[in-house]
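Residue-level structural notes
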Amino acid sequence: MIEPRADISSPAETLRPLAVDVVSVQSQVVYGRVGNNVAVPTLESFGLTVAAVPTVLFSNTPHYPTLHGGAIPVDWFAGYLQDLQARGALGKLRAVATGYLGSAEQAATLGRWLACLAETRDSLLMVVDPVIGDHDHGVYVSPELVEAHRRHLLPLAKGMTPNGFELEQLTGRPVAKPDDVLAAARTLLVGRTQWIVVTSAGPDAWTDGTMQVAVVTREKAEVITHPRIDIAPKGTGDLFSAALIGGLLGGDSVFDAAASACDAVITALRLTRDARCAELLLPRRVVPGR
């Protein structure tokens, strides 16, 4: 007897929504490896389902001779977030990652959306990467985004992943030495925030061929020393944050997840250097053994 086929024209309400593990709110480019172009494949390598919400859409990063695109309009951006809820996709949401934002208005909109999520989801992992700039280039976003991060996003973060320069901008404290980094990071460990992971931390203490990452919680602090690879493609911070989140959702402590994220970045940098590639090459396996 031939079984009847399922009716593919059944009303949508009889079908289950796609369950999203992570919402990643970051930049997107047509060409290159930054923002969600890095975060999505990295998170997916951990077996996670990711919804990518763009904040800007550019042809490429601004260091190339030509650039097209711009910030996503705020009403579109708000609609992307609202429609994820309207589609029922967030019932099993485990984490939200934020990165490069296109405007202070986006930060305010995102903050309101995150605050609504936080009301009913105490265990939700909200990780803010406050993309502001770096020591080499200074502030490369709208200056008002510094205060927008402080006001709208940092109070909602369970964890943050600033680089040393961004930590300095957010706290107004010196960060040249490891002890300075730890002291500055601890000023942000208030409210919901449980940990800070600072990349490119304490440059005054680096020895030849090394860099450091500081991991700071309310009870403990560790400084991870890792090799410094003489190549500087864009997107390494986005890779680090995504790999860190993947490790945390896999059950690692923040210290172990940070160490594994360092390894992922070093692997990617060596691949990129050896291939002489203009854009970051991602390791096939971010999760050891997969």
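Residues numbered from 1 in each chain as written. Predicted model: local features only at pLDDT ≥ 70, side-chain atom pairs only at ≥ 80, totals over all residues. Heavy atoms only, no water.

Taken together, the side chains of Val-30, Tyr-31 and Leu-57 define a hydrophobic patch exposed on the protein surface, amounting to about 310 Å² of accessible area. On the secondary structure map, Tyr-31 appears in the loop between strand S1 (22-29) and helix H1 (36-44). Accessibility expressed as a relative area gives 43% for Tyr-31, which makes it partly exposed. (Patch = residues over 30% accessible without salt bridge, like charges linked within 9 Å, V, L, I, M, F, W, Y side chains within 5 Å. Areas by Shrake-Rupley, 256 points an atom, 1.4 Å probe, with all protein chains shown as cover. Salt bridge = Lys/Arg side-chain N within 4 Å of Asp/Glu carboxyl O. Helix = DSSP H or I, 4+ residues; strand = E, 2+ residues; numbered from the N terminus. Buried < 20%, exposed > 50% of the residue type's maximum accessible area, 1.4 Å probe, protein only.)

What follows concerns the packing of aromatic side chains. Applying the stated criterion to the full structure yields one aromatic pair. Here the aromatic rings of Tyr-31 and Tyr-64 are separated by 5.8 Å at their centres, their planes lie at 65°, and the arrangement is edge-to-face. Taken together, the residues Tyr-31 in the loop between S1 and H1 and Tyr-64 in the loop between strand S2 (50-58) and strand S3 (69-71) connect sequence positions 33 residues apart. A residue is classified by how much of its surface remains accessible, and Tyr-64, at 23% relative accessible area, is partly exposed. (Phe/Tyr/Trp six-rings, centres within 6.5 Å; stacked < 30°, edge-to-face > 60°.)

Attention now goes to helix H2 (residues 74-86). The terminal C-alpha atoms of H2, which comprises 13 residues, lie 18 Å apart, in line with the 18 Å expected from a rise of 1.5 Å per residue. Every buried residue of H2 is listed here: Phe-77, Ala-78, Gly-79, Leu-81 and Leu-84. Where the residues of H2 are buried, they touch S1, S2 and helix H3 (104-120). Gly-88 occupies a position one or two residues after H2 and carries a positive phi of about 75°. (Expected span 1.5 Å × (residues − 1). Contact = heavy atoms within 4.5 Å.)

All right, on to the sheet that holds S1 then. Taken together, nine strands build an open sheet; the order of strands is S3-S2-S1-S4-S5-S8-S9-S10-S11 and the sheet is mixed. Where the open sheet ends on each side, the last strands, each with one partner, are S3 and strand S11 (221-227). Relative to strand S10 (residues 210-217), strand S9 (residues 195-198) is paired through four bridges, and the arrangement is antiparallel. Bridge pairing links Ile-196 to Val-216 in S10. Sitting on the sheet, H2 is in contact with S1 and S2, with an inclination near 175° to S2. Helix H8 (residues 254-275) contacts S9, S10 and S11 of the sheet and is inclined by roughly 15° relative to S11. (Pairing = 2+ DSSP bridges. Axes fitted to C-alpha atoms, helices over the stretch in contact; angles between N-to-C directions.)

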